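Breakdown of the fold
One letter stands for each residue in the lines below.
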Amino acid sequence: MKVTFKKDYLKDFVADSEVELLKPTAGFVRDTLLARTGVGNEMEDWLTLPSDYDKEEFARILKVADEIKSDSKVLVVIGIGGSYLGARAVIEFLKSEFHNEKANKEGLPEVYFVGTSASGRYVDDVIDLIGNRDFSINIISKSGTTTEPAIAFRTFKSLIEKKYGKEEASKRIFATTDAHKGALLNVAKENGYERFVVPDGIGGRYSVLSAVGLLPIAVAGINIQKLMDGAKAAQEEFAKDEDILNKPSILYAIYRNILYRKGFDVETIVGYEPQFRFLFEWWKQLMAESEGKDNKGIYPTSAIFSTDLHSIGQYIQDGKKILFETILDITKPISDRVVPSADDNTDNLDYILNKPMKEVNEAALTATAQAHTSAGVPNILLQLDDLDEFNLGNLIYFFEAAVAVSGYLDGINPFDQPGVEIYKTNMFKILGKPGYTD
């Protein structure tokens, strides 16, 4: 069980000889990553995280998740960027976008993510959804001073202390933060919050398999051990001494790099299930923050087909040839629902009567890939065996390894994100934060 890289729709765009020419460089890049000798190596602990994670902390995550499931109807997760995208991606990918609507029926808390923007309306809506029900908070921030989550934490900390009193509220607030310093660490120590660690050597976009993502994921009823097992299998495959072109993550990096050099500056990741949406949002952050620097990098976008074929499909088919598509497909049927019968055939659907909807979706995938490639749009096909924790863990590591190799191939440090800080500085000046005036 692993990610499979398929080049069925690439033969008209990339020659085998081009791949062979990049093979030695890609092998050198992989070895450089494993040896931790490349630029940004201080942020490469994600490479061995699936096997080297803190087992004691992992056990505490499971214990706390069980406590939250037993005494709370809602978990409020506060964070922004990598502090929320990974967890939300995993929950919706595995449990569907309707997780919260179904959670209580399954004996699980609803999970709401706040601190992802400065929208007061969004905060009001979440407070309304909680109502008088019991809830807990997981605040995720390395520093505790990032504006959007800090505002949200002030708001929900006040709410939970008013509901339970300060002492009891402290038992319902869980802080995932820096192990040694920072405003949130100090607050957590002062109030006795149970603490988990944001790892020093792992950037936010690579942190989903750490406590940053694992606590909310476990609360949602997902088997985090199987998630780690799948990632570990991908880690072992990436490190294994074999032909570099047998490694799907490296093949993906190589083909992306070749297409980029040919002028395909935009990559659109597409899937045929609505529950893929937030996995794609996580993927966009991973790709954009890793590669978008030094006036270089592939611009990542996403789409859900066949829905978005009725909006942006026209541009992809007939517009400027600046993009390529990466299709994510699950080979095992996610649902056994079939096309139902009707009293008449006024909709002309009897030709697919009793066919599985999975078959209709697969027909749409094949037809679209054929149409787009014939119009000059390259398509990469990635396949997972099943929609489960093991396969998703494998896919997460696959993408992390691929973008690391891809960044090095393009002469980019894939582990920093200096451009993210500029808007923050400007906002501090506009709001009059002390120390940020002109």
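Above this text sits the structure in question.
First, a word on what this report is: a plain description of the structure on this page.

About the criteria used
Counting of residues starts from 1 at the beginning of each chain's written sequence and follows it residue by residue. Per-residue local features of the predicted model are confined to residues with pLDDT of at least 70, and side-chain atom pairs are confined, for both listing and counting, to 80 or more; whole-chain, interface and lining totals are unaffected and use all residues. With hydrogens and water set aside, each side-chain value is computed from the structure's full complement of heavy atoms. Numbering of helices and strands starts at the N terminus; helices are DSSP runs of H or I of at least 4 residues and strands are runs of E of at least 2. Here the globule rule reads 2.2 Å times residues to the power 0.38, and the radius of gyration is calculated from C-alpha atoms. Note on classification: 1.4 Å probe, protein chains only; a residue is buried when its accessible area is under 20% of the maximum for its type, exposed when over 50%, partly exposed between these limits. Throughout, a residue-residue contact means that at least one pair of heavy atoms, one from each residue, lies within 4.5 Å. Working definition of accessibility: Shrake-Rupley area with a 1.4 Å probe, residue cover restricted to the visible protein chains. Charge assignment in this entry is limited to Lys and Arg as positive and Asp and Glu as negative, and neither His nor the chain termini are counted. The location of each charge is read from NZ of Lys, CZ of Arg, CG of Asp or CD of Glu. What makes two strands pair is DSSP finding at least two bridges between them. Angles here are taken between N-to-C directions and fall from 0 to 180 degrees, while the axes themselves are lines fitted to C-alpha atoms, restricted in helices to the stretch in contact. Patch membership needs two things, relative accessible area over 30% and no salt bridge, and members are linked within 9 Å if like-charged or within 5 Å if nonpolar (Val, Leu, Ile, Met, Phe, Trp, Tyr). Every case where a carboxyl oxygen of Asp or Glu lies within 4 Å of a side-chain nitrogen of Lys or Arg is listed as a salt bridge. Under the convention used throughout, the expected extent of a helix is 1.5 Å for every residue step, that is, one less than its residue count. The path from the first strand over the helix to the second decides the hand: if it runs clockwise while the strands point away from the viewer, the crossover is right-handed. The directions considered for the arc are those from the helix axis to the C-beta atoms.

A short note on the overall build of the protein chain
Looking only at helices and strands, one finds 17 helices and 10 strands in the protein chain. The globule rule puts the C-alpha radius of gyration for 438 residues at 22 Å, and the 23 Å found for the protein chain is close to it. Taken along its principal axes, the extent of the C-alpha atoms in the protein chain is 65 × 65 × 45 Å. Each of the 438 residues in the protein chain was classed as buried or not, and the buried ones make up 52%. Relative to all contacts within the protein chain whose residues are 6 or more apart in sequence, the contacts with residues 24 or more apart total 79%. Accessible surface for the protein chain amounts to roughly 19,700 Å². Of this, 51% is attributable to carbon and sulfur atoms. Within the protein chain, one finds 50 positive and 66 negative side-chain charges whose respective centroids are separated by 4 Å.

Points about the sheet that holds strand β6 (residues 194–197)
Sheets are built from strands paired through backbone hydrogen bonds, the pairs being either parallel or antiparallel. Read from one edge to the other, the open sheet built from five strands follows the order β3-β2-β4-β5-β6, with strand pairing classed as parallel. On the outer flanks of this sheet lie β3 (110–114) and β6, each paired with one strand and no other. On average, each strand axis in the sheet is tilted by 20° relative to the strand beside it, whichever way the strands run. Relative to β6, strand β5 (residues 173–177) runs parallel, the two sharing four bridges. Within the sheet, the bridge partner assigned to F174 lies in β6 and is E194. On the sheet, helix α9 (residues 183–191) packs against β4 (135–140), β5 and β6 and is oriented at approximately 145° with respect to β5. Sheet contacts for helix α10 (residues 211–219): β2 (74–78), β3, β4, β5 and β6; angle to β4, the most-contacted strand, approximately 160°.

Description of a negative patch on the surface
The grouping of D343, D344, D347 and D350 at the surface amounts to a negative patch. Positionally, D350 belongs in the loop between β9 (323–330) and α15 (357–374).

Remarks on helix α12 (residues 248–261)
Over its 14 residues, α12 runs 20 Å from end to end, which matches the ideal 20 Å to within 8%, given 1.5 Å per residue. In terms of burial, α12 is a largely internal element, 13 of the 14 residues being buried.

Focus: the sheet that holds strand β8 (residues 299–304)
Spatially, β1-β10-β9-β7-β8 is the arrangement adopted by the five strands of the open sheet, whose pairing is mixed. Only two strands of the sheet have a single neighbouring strand rather than two, namely β1 (4–6) and β8. With direction set aside, neighbouring strand axes in the sheet form an average angle of 25°. In terms of strand pairing, β1 meets strand β10 (residues 379–384) through three bridges, oriented antiparallel. Of the residues in β10, the one forming a bridge with T4 is Q383. Together, β7 (266–271), β8 and β9 form the strand contacts of helix α13 (residues 277–291), whose direction differs from that of β8 by roughly 175°. Helix α16 (residues 389–409) contacts β7, β9 and β10 of the sheet and is inclined by roughly 145° relative to β10.

Focus: the pairing of β8
Note that β7 and β8 share six bridges and pair parallel. What sits directly across from I269, in β8, is S302. For the segment spanning β7, α13 and β8, crossover handedness is right-handed.

A word on helix α3 (residues 55–71)
An α-helical segment advances 3.6 residues per turn. Residues three or four places apart therefore align on the same side. In a regular helix each residue adds 1.5 Å, so 17 residues correspond to 24 Å; α3 covers 25 Å between its end C-alpha atoms and thus fits that length. Among all positions of α3, only E57, F58, I61, V64, A65 and I68 are buried. Down the axis of α3, the buried set is contained in an arc of 125°. They therefore lie on one face. Opposite its buried face, α3 presents the exposed residues K63 and S70, each directed more than 90 degrees away.

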